[in-house]
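Spelled out, the chains give:
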Amino acid sequence: MTVYGFIGAGNMAEAIVRGTIAAGTPTTDVLLTSAHDSASRLAAATGARHVPAPADLVAASDVVVLAVKPHVVPEVLESLADALAARRPLVLSIAAGLSTERLAQMLPPGARVVRAMPNMAAAVGQSMTALAAGAAAGAADLETARALMSTVGRTVVLAEKDFSAFTALAGSSPAFVFQFIEALARGGVAAGIPKAQAVQIVTQAVLGSALTVQAEAADTGDAGRGRTPADLIDAVSSPGGTTVAGLVALERAGFSAAVVDGVQATIARDRALGA
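Residues numbered from 1 in each chain as written. Predicted model: local features only at pLDDT ≥ 70, side-chain atom pairs only at ≥ 80, totals over all residues. Heavy atoms only, no water.

Engineer: Is there a simple way to think about the nonpolar core in this case?
Structural biologist: Buried together is how nonpolar side chains tend to be arranged in soluble globular proteins. With 29 residues, the main nonpolar core has Phe 6, Leu 32, Leu 92, Val 114 and Met 149 as its most contacted residues. At the level of secondary structure, the elements contributing two or more residues to this core comprise β1 (4–7), α1 (11–22), β2 (30–33), α2 (38–46), β4 (63–66), β5 (90–93), β6 (113–117) and α7 (139–149). Apart from residues lying up to four places away in sequence, Phe 6 is in contact with Ala 13, Ile 16, Val 17, Val 30, Leu 31, Leu 32, Thr 33, Leu 57 and Val 65. In terms of nonpolar packing, the next biggest core, distinct from the first, is built from 23 residues, Ile 7, Val 64, Val 73 and Leu 77 among them. (Core = buried A, V, L, I, M, F, W, Y, C linked by side-chain atoms within 4.5 Å. Buried < 20%, exposed > 50% of the residue type's maximum accessible area, 1.4 Å probe, protein only. Helix = DSSP H or I, 4+ residues; strand = E, 2+ residues; numbered from the N terminus. Contact = heavy atoms within 4.5 Å.)

Given below as structure tokens:
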């Protein structure tokens, strides 16, 4: 079995730890360490092993998961240089904004690095995670990272140059969807439905819509049978009906253009922060 060592025990690390244990990884093969007491608390809650000394964790791990804030990564890796050089584990980073090239510069020569970018839905096992392999990482390393991150949702391998776009489509988009849900619910409240009930109704409708698109995409295959989101819009829009009236009103208000603008603004900001 693969032994996973987590450096950092924040919300995302907790989601992955719980996901991999739920998927069948023995708790003895999940090691935790952190600068504060979060690792010991998470170990107590999940049955994972708390390893107080980070160097000891590295020495016992096949995969070291960097789950600390980006600004402390240089200090952490510098302090673990000898342990990392001796053990040479796969380093899986979920630290935002740090490229595989930058990480490799902070690691011993030839270190194998995979960068992962999950989103907040990892907490409910529904993350969309992007993966990119560093120069020294091979196909087996990428598969190891994919197997771990698949315990909290779905994964996609992307060129690292596309990570800013992924941030908009998966990292930041939950906030866009929450805003959409809130606006739809507000419309229900304006029509007389209590807020809590309106949110419940809208949430299930949005979930069902997403699952429908996902099912259609899975059915595409080589024959191209799956319907696109545009096809599904047509399927629910009867001529002269209520849905098309609402869609026309949304487009008059600039709905689609506003969404595209939001994606582009997110990409631009992510690139500026990473410059």
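The discussion continues.
Engineer: Just checking my understanding: could you explain the sheet that holds β4 for this structure?
Structural biologist: Adjacent strands of a sheet pair through backbone hydrogen bonds, lying either parallel or antiparallel. Ordered by their spatial adjacency, eight strands build an open sheet running β3-β2-β1-β4-β5-β6-β7-β8, and the pairing between neighbours is mixed. Looking at the sheet topology across the chains shown, the edges are occupied by β3 (49–50) and β8 (153–157). This element, α7, spans β1, β4, β5, β6, β7 (127–133) and β8 of the sheet and lies at about 165 degrees to β7. (Pairing = 2+ DSSP bridges. Axes fitted to C-alpha atoms, helices over the stretch in contact; angles between N-to-C directions.)

Engineer: Can you walk me through helix α9 (residues 173–190) in this structure?
Structural biologist: For the α-helix, the turn length of 3.6 residues means that residues three or four positions removed from each other point alike. Its 18 residues give α9 an end-to-end C-alpha distance of 26 Å, which sits within 8% of 26 Å, the value for a rise of 1.5 Å per residue. Here α9 has its buried residues at Ser 173, Pro 174, Ile 181, Ala 185 and Gly 188. With its buried residues spanning 115 degrees around the axis, α9 presents them on a single face. Away from the buried face of α9 by more than 90 degrees, exposed residues Gln 179 and Ala 190 are located. (Expected span 1.5 Å × (residues − 1). Arc of directions from axis to C-beta.)

Engineer: Explain helix α8 (residues 163–171) to me, please; I cannot follow it from the model alone.
Structural biologist: Here α8 has its buried residues at Phe 163, Ser 164, Phe 166, Thr 167, Ala 168 and Ala 170. The elements touched by buried residues of α8 are β6, β7, β8, α9 and α13 (255–274).

Engineer: Can you walk me through the packing of aromatic side chains in this structure?
Structural biologist: Describing an aromatic ring pair means giving the distance of the ring centres and the angle of the ring planes. Enumeration over the complete set of coordinates arrives at two aromatic pairs. The interplanar angle of 40 degrees and the centroid separation of 6.5 Å between the aromatic rings of Phe 163 and Phe 166 together place this pair among those described as tilted. Highlighted residues: Phe 163 and Phe 166, both in helix α8, separated by three residues, approximately one helical turn. The exposure class assigned to Phe 163 is buried, which follows from its relative accessible area of 2%. Take Phe 166: its relative accessible area is 6%, and that puts it in the buried class. Arranged with centres 6.1 Å apart and planes meeting at 50 degrees, the rings of Phe 180 and Phe 255 form a pair that is tilted. Residue Phe 180 is found in helix α9, and its partner Phe 255 is found in helix α13; the two are separated by 75 residues along the sequence. Look at Phe 180 and you get partly exposed, because its relative accessible area is 34%. (Phe/Tyr/Trp six-rings, centres within 6.5 Å; stacked < 30°, edge-to-face > 60°.)

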